[in-house]
Amino acid sequence: MRRCCVGVLVAMMVVLCAAGMPAAQEIKGPIKIVVPYPAGGGSDVVARLIADKLKDSLGQTVIVENKPGAGGRIGTEYAKGQPADGATMLLVNPALFVVAPVVFSKLAYDPDADFAPVSLIQIYQFCASVPPVSPIKDVKGLIEWIKKNPNQANYGSPAAGSLPHFFGLMIGKAAGVEMVHSSYNGSGPLVTALIGNQIPIGVDAYDAQSAYHPDKIRILATAGTSRKQPDIPTFKEAGFPEIEGVGWNALVVPAKTPKPVIDKLSAAVVKAVRSPDVVEKIKGMGSDPAGTTPEECSAVFKKDRERWVPIIKASGFKAE
Amino acid sequence: MELLSNLALGFQTAVTPMNLLYCLVGALIGTLIGVLPGIGPVQTIAILLPTTFALPPVSALIMLAGIYYGAQYGGSTTSILVNVPGEASSVVTCLDGHQMARQGRAGAALTISALGSFAAGSFATLVLAVLAVPLSELAFQFGPAEYFSLMVFGLIGSVVLASGSMLKAVGMIVLGLLLGMIGTDVTSGAHRFTFGIPELADGVGFVSLAMGLFGICDIINSLEKRETRDILKSKLTGLWLKKEDLRMAAPAVLRGTLCGSLLGILPGGGAIISSFTAYMIEKKCARDPERFGQGDIRGVAAPESANNAAAQTSFVPLLTLGIPPNVILAMMAGAMMIHGIQPGPRVITSNPALFWGVIVSMWLGNVILVVLNLPLVGIWVRLLSVPYRLLYPAILVFCCIGLYSVNNNTFDIGLTALCGLLGYVFHKLECEPAPLILGFVLGPMLEENLRRGMLLSRGDPSVFFTRPLSLVFLVLAAGMLIAVALPAIRRGRERAFKEDYTNV
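Along each chain, residue indices are assigned from 1 in the same order as the chain's sequence is written. Key to labels: chains lettered from A, ligands numbered from 1, both in the order written. Only residues with pLDDT of 70 or above have their local features reported here, since the model is predicted, and side-chain atom pairs are shown and tallied only from 80 upward, although totals for entire chains, interfaces and linings are computed over all residues. Excluding hydrogens and water, the side-chain figures rest on all heavy atoms present in the structure.

(A) Structural detail: unusual backbone geometry. In the segment running from His-213 of chain A into Pro-214 of chain A, the intervening peptide bond is cis, with an omega of 0 degrees. Positive phi, close to 60 degrees, is recorded for Asn-197 of chain A, a residue that is not glycine. Secondary structure elements are taken from DSSP: a helix is a run of H or I of four residues or more, a strand is a run of E of two residues or more, and numbering for both begins at the N terminus. For Asn-197 of chain A, the position within the fold is in the loop between α8 (187-195) and β7 (201-205). Positive phi values are uncommon outside glycine, yet Arg-458 of chain B reaches one of about 55 degrees. Type-normalised accessible area, obtained with a 1.4 Å probe on protein chains alone, sets the label of each residue: buried when under 20%, exposed when over 50%, and partly exposed for intermediate values. Taking the relative accessible area as the measure of exposure, Arg-458 of chain B reaches 31% and is therefore partly exposed.

(B) Structural view of empty space enclosed by the protein. Residues and elements named next belong to chain B. Definitions used throughout: a 1 Å grid over protein atoms alone; a cavity as a set of points that fits a 1.4 Å probe which cannot get out; a pocket as an open set with protein on both sides within 12 Å along at least five of seven lines; a lining residue as one with an atom within 4 Å of a point. Grid points are joined across faces, edges and corners, and a volume is the space filled by probe spheres set on the points. In this structure the tally under the stated criterion is five cavities of 30 Å³ or more. Of the volumes computed, that of the largest cavity is approximately 80 Å³. Lining of the largest cavity is provided by Tyr-73, Ser-76, Thr-77, Leu-110, Ser-113, Ala-114, Ser-117, Asn-373, Val-377 and Trp-380. At the level of elements, α4 (57-82), α6 (106-138) and α16 (352-383) are the ones that each hand at least two residues to the lining of the largest cavity. With four residues, the single largest contributor to the lining of the largest cavity is α6. When grouped by side-chain class, the residues that make up the lining of the largest cavity number five nonpolar, five polar and no charged. Charged residues are taken to be Asp, Glu, Lys and Arg, nonpolar residues to be Ala, Val, Leu, Ile, Met, Phe, Trp, Tyr, Cys and Pro, and polar residues to be all remaining types, Gly included.

(C) Region of interest: the domain arrangement of chain A. Residues and elements named next belong to chain A. Annotation of chain A at the domain level lists domain 1 (31-122 + 249-315) and domain 2 (125-222). Where each domain starts and ends follows an automatic or database-derived domain assignment. Here the C-alpha centre of domain 2 lies 28 Å away from the C-alpha centre of domain 1. Contacts are assigned to residue pairs that have any heavy atoms within 4.5 Å of one another. With nine residues of domain 1 in contact, the opposing surface of domain 2 contributes eight residues. The term buried area means the drop in 1.4 Å probe accessible area that two parts suffer when joined, counted for both and summed. Taking both partners together, domain 1 and domain 2 bury about 870 Å²; carbon and sulfur atoms supply 79% of that area. Looking only at domain 1, the three residues that lose the most surface to domain 2 are Val-99, Trp-308 and Ile-311, adding up to 49% of its buried area. Salt bridge, as used here, is a side-chain nitrogen of Lys or Arg placed within 4 Å of a carboxyl oxygen of Asp or Glu. At the boundary of domain 1 and domain 2, one finds zero salt bridges. As used in this structure description, the phrase polar contact means that two N or O atoms lie within 3.5 Å; if the pair is within protein, one of them must be able to donate a hydrogen and the other to accept it, and residues adjacent in sequence are counted only when both atoms belong to side chains. Remark: the boundary between domain 1 and domain 2 carries zero residue pairs in polar contact (both at pLDDT 80 or more). The greatest single-element share of the side of domain 1 that touches domain 2, amounting to four residues, is contributed by helix α12 (residues 294-315). Taken together, the residues that form the side of domain 1 that touches domain 2 break down as six nonpolar, three polar and no charged.

(D) Quick peek at the pairing of strand β9 (residues 246-254) of chain A. Residues and elements named next belong to chain A. The buried fraction of β9 is high, at eight of nine residues. Across nine bridges, the pairing between strand β4 (residues 115-130) and β9 is antiparallel. When the bridges of β9 are listed, Leu-120 appears paired with Ala-250. Two strands are counted as paired when DSSP detects at least two bridges linking them.

(E) Quick look at the interface of chain B and chain A. Across the contact, 42 residues belong to chain B and 47 residues belong to chain A. When the two sides are added together, the surface that chain B and chain A hide from each other amounts to roughly 3,500 Å², 54% of it contributed by carbon and sulfur. Of all residues in chain B, Phe-140, Leu-456 and Arg-458 of chain B give up the largest surface area on contact with chain A, accounting jointly for 17% of the area buried on that side. Put simply, chain B and chain A have zero salt bridges between them. The tally of links from chain B across to chain A stands at nine residue pairs in polar contact (both at pLDDT 80 or more). Elements with a minimum of two residues in the side of chain B that touches chain A: α14 (327-338) and α19 (433-456) of chain B. Here the side of chain B that touches chain A is built from residues that sort into 22 nonpolar, 12 polar and eight charged.

(F) The arrangement of a nonpolar patch on the surface in detail. Exposure above 30% relative accessible area and the lack of any salt bridge qualify a residue for a patch; like charges then connect within 9 Å, and the nonpolar side chains Val, Leu, Ile, Met, Phe, Trp and Tyr within 5 Å. Per-residue and other accessible areas follow the Shrake-Rupley method at a 1.4 Å probe size, with only the shown protein chains counted as cover for residues. Judged by side-chain polarity, Leu-3, Leu-126, Val-130 and Leu-131 of chain B come together as a nonpolar surface patch covering roughly 320 Å² of accessible area. For Leu-131 of chain B, the location among the structural elements is in helix α6.

Next up, the structure:
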């Protein structure tokens, strides 16, 4: 009896939803955005901001489902198995789509074969920083210090196998020194270690450290193509054009999702990301809103793989 | 005088009808989820986060903070009544709290845990108001060497957690350390002992382990004994505390509060570690340590005060520096970001009303909680008279719901069942689970900091002895080792022919 009632209710809801939508690219709601990380983290916050906007433009309930675990790989594998009807989107980043395929010999998903891009939603920069008491004042000073003190040239990143980890290797390469890497359990502990002068150099996402500059942490340079803050140069400006690269969050869907549905989702996501209050909130977090077509998103995936895969391979880093 | 004007600003912010209401709502929800085993503040705050988007930032933070410390109040209830820790930080409360309940003194245990929490919460709020800024500097003095030495100190101290054989206690600590090794290696990213199961890449879940070893195992044990199945062995005695209880508990509350206030500031599970530490200190201070584990009120008062104080002072690094010391506060940081407040050193100056409003609301929340909880004691105690055949399926169902909600994954439920069986084996072997839990909590931090220290010094172990703070902890640890070992050696000689391991 009860099950029957639920069935009727669901059927009614489906009918109601369908009635309000053009028939061609209908998505049977509710739509869920799978975030493969715990609730409350940076990427979760962005997903929730966008879910809130998509609700209005798609006329559907949009929920954020957190499936944390194994650095995001559990949630990614889970999303891969969901129906490819546009009702499931997954939030991904370079760790899952660029690094993981190289460092895991047995990865349960293939970024290209199992998923199709929808839109890039957010771009964040990396930065190199030092404790406020450090004698290092700028990028030139950093490289010189590393050359002079190869035995103390340690750097910290928020996680082993994260892009900042490999970014630090690039800096060491520029100085011709193999720096020792120490991973901290996330950005918080790394910030604490930098403020307390427990580690000489830190490499992390810019938005994780910008609030502490310049009193508690000295950010030497950011790694994007343009400055994030007037007083902090880019590595390129400081004379190291090869030290460049950004991180991102993107939305993808299971690979077999029909193209018209993807385009519809992409348009809605772009509209959500570019709405003024979302732009302001994403900028307030220290990163930049994106909003791209599926094709542009795909091109970014490809370009970043070309940039990072040789560096990751050269580092010899293997997770399993 | 600046403090007074700051507090006045805080009261202005917190004592509006709306903010008082959100404080009450938060405290109420927190108590409820604290009582439900497994469903912790992490999941609750995650679920409620979107509903706070529409609120002003101060109200949102007041409510979320209320959930967090409310859960510390509620978490002890199931620990005491049915030996299922409602929250991770209430694990150690099971030891004496549940024994008290079995002796018919559940009312006294619940009352002291509410009163102790209130005293601790009030004190910690004051600490937060007066010392937030200087205390936040403390965390920076802790490099890898200091953390490592602190962990060594804690592990050696944890031997006193055991009320039986010392050898078995050491064995359980080591086993806990080994269980803590499961998962992704922080330094190299390699998977260890995961057997290709992706869920194990993050290690064994603390909630699964604690719930299995205590709650599930207790149910198996109770079902085994036909005649003593009902929790209540003796008649209920008065709900209120006796004078004797108060005299014993008051100093324990004080020590627990101090211990929790200090440890809460350190990143990484401050509330859990502080409750264990407070228990250890109590047992070491007591003239009659053998009473611990048999239903000693000090064994409830100290850890419950400590975890509440720690929950409150863990706001220090978040509010002063924007560094969340644990997952729950990381979520608070997320909530602040959604409201356009970048958590960081600038919050105090850019949003003084928010900073002081939240602090004052914590004290108000504690008043609300104690008023809320004391009348509930009578109701909770009556729960014990429910026949066990009805009670235990209900406990199991709530455990499963809670476990599933941790990661939205059924794997955790299976893991807990396995831990329950393991707990049953330990019970049969008379091995106590508390030292194992502590080893499990401290192990990963011990290893991470040992390796980071060695890595950064390029393999030179002298860092652990040349840094003053680190040296102090190591000397204390060595002292404790001698203090623990001496009586054992002496007694060992006296009973040279008896194969009997001494009590600590």
